[in-house]
Amino acid sequence: MSDEEHHFESKADAGASKTYPQQAGTIRKNGYIVIKGRPCKVVEVSTSKTGKHGHAKCHFVAIDIFNGKKLEDIVPSSHNCDVPHVNRTDYQLIDISEDGFVSLLTENGNTKDDLRLPTDDNLLSQIKDGFSDGKDLVVSVMSSMGEEQICALKDIGPK
């Protein structure tokens with residue numbers, strides 16, 4: 001045994017998995033599912049019964065939560081699907097830089113400077129207009145599978 005102290009750098013997620021398994025037959029509309037490696041929100045589920053020895057199959061229609069693309073998948077209802085861990089966090093907007101990055105204030109008083117402005121034109125213009133008017137804005141950031149994106153905006157009044 002050595003007398004040295006060991007210091008481990010801790011990470012926020014402690015190496016936790018980005019997804020968890022869930023039986024396909026239990027995934028419902030408005031739930032989440034991974035299709036083609038992308039985290040998606042389920043918009044339609046239909047279950048089909050098959051012949052004597054086949055599996056019942058679930059047909060999922062889902063929309064990618066980050067880029068809005070529609071994806072489809074068909075999975076036997078007794079099999080497991082990957083379901084992404086989706087987190088939503090609110091941050092106060094401090095600044096918008098020239099290169100399209102935002103500066104956000106976290107709950108513990110630190111700043112988060114690694115997020116880009118959203119690609120959605122409507123949300124983008126709301127954020128820029130509100131910020132230039134001097135309003136106090138709170139943005140909701142959705143994170144899943146190592147990706148993060150601003151998905152919503154709240155106005156908490158003037159500064």
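Everything here concerns the structure above.
Residues numbered from 1 in each chain as written. Predicted model: local features only at pLDDT ≥ 70, side-chain atom pairs only at ≥ 80, totals over all residues. Heavy atoms only, no water.

Enquirer: Describe the overall build of the chain, with residues and values.
Expert: When helices and strands are counted, the chain shows one helix and 11 strands. Moving toward the C terminus, one meets the helices and strands of the chain in the order β-β-β-β-β-β-β-β-β-α-β-β. Evaluated residue by residue, the chain yields a buried proportion of 31% over its 159 residues. Partitioning the intrachain contacts of the chain with sequence separation of at least 6 by distance along the chain shows that 48% fall at a separation of at least 24. Per element, the accessible surface of the chain, about 10,600 Å² overall, is 48% carbon and sulfur. (Helix = DSSP H or I, 4+ residues; strand = E, 2+ residues; numbered from the N terminus. Buried < 20%, exposed > 50% of the residue type's maximum accessible area, 1.4 Å probe, protein only. Contact = heavy atoms within 4.5 Å. Areas by Shrake-Rupley, 256 points an atom, 1.4 Å probe, with all protein chains shown as cover.)

Enquirer: An account of the pattern of salt bridges is needed here, citing residue identities and associated values.
Expert: Under the definition given, this model contains five salt bridges. For the salt bridge of Lys-154 with Asp-90, the shortest nitrogen-to-oxygen distance reads 2.7 Å. Residue Lys-154 is located in strand E11 (residues 147–158), and its partner Asp-90 is located in strand E7 (residues 86–96); the two are separated by 64 residues in the primary sequence. With relative accessibility at 43%, the residue Lys-154 sits in the partly exposed group. Overall, Asp-90 belongs to the partly exposed group, its relative accessible area being 31%. A salt bridge links Asp-114 to Lys-112; the nearest nitrogen and oxygen atoms lie 3.3 Å apart. On the accessibility criterion, Asp-114 (51% relative accessible area) is exposed. (Salt bridge = Lys/Arg side-chain N within 4 Å of Asp/Glu carboxyl O.)

Enquirer: Help me get a handle on the sheet that holds strand E4 (residues 57–64), residues and values and all.
Expert: Here four strands make up an open sheet; going across it, the order is E2-E3-E4-E5 and the pairing antiparallel. Both edges of this open sheet fall to strand E2 (32–35) and strand E5 (70–76), since each of them pairs with a single strand only. Ignoring strand direction, the axes of neighbouring strands in this sheet form an average angle of 45 degrees. Strand direction decides the pairing type here: strand E3 (residues 38–48) and E4, joined by eight bridges, are antiparallel. Along E4, the bridge assignment pairs Ser-48 with Lys-57. (Pairing = 2+ DSSP bridges. Axes fitted to C-alpha atoms, helices over the stretch in contact; angles between N-to-C directions.)

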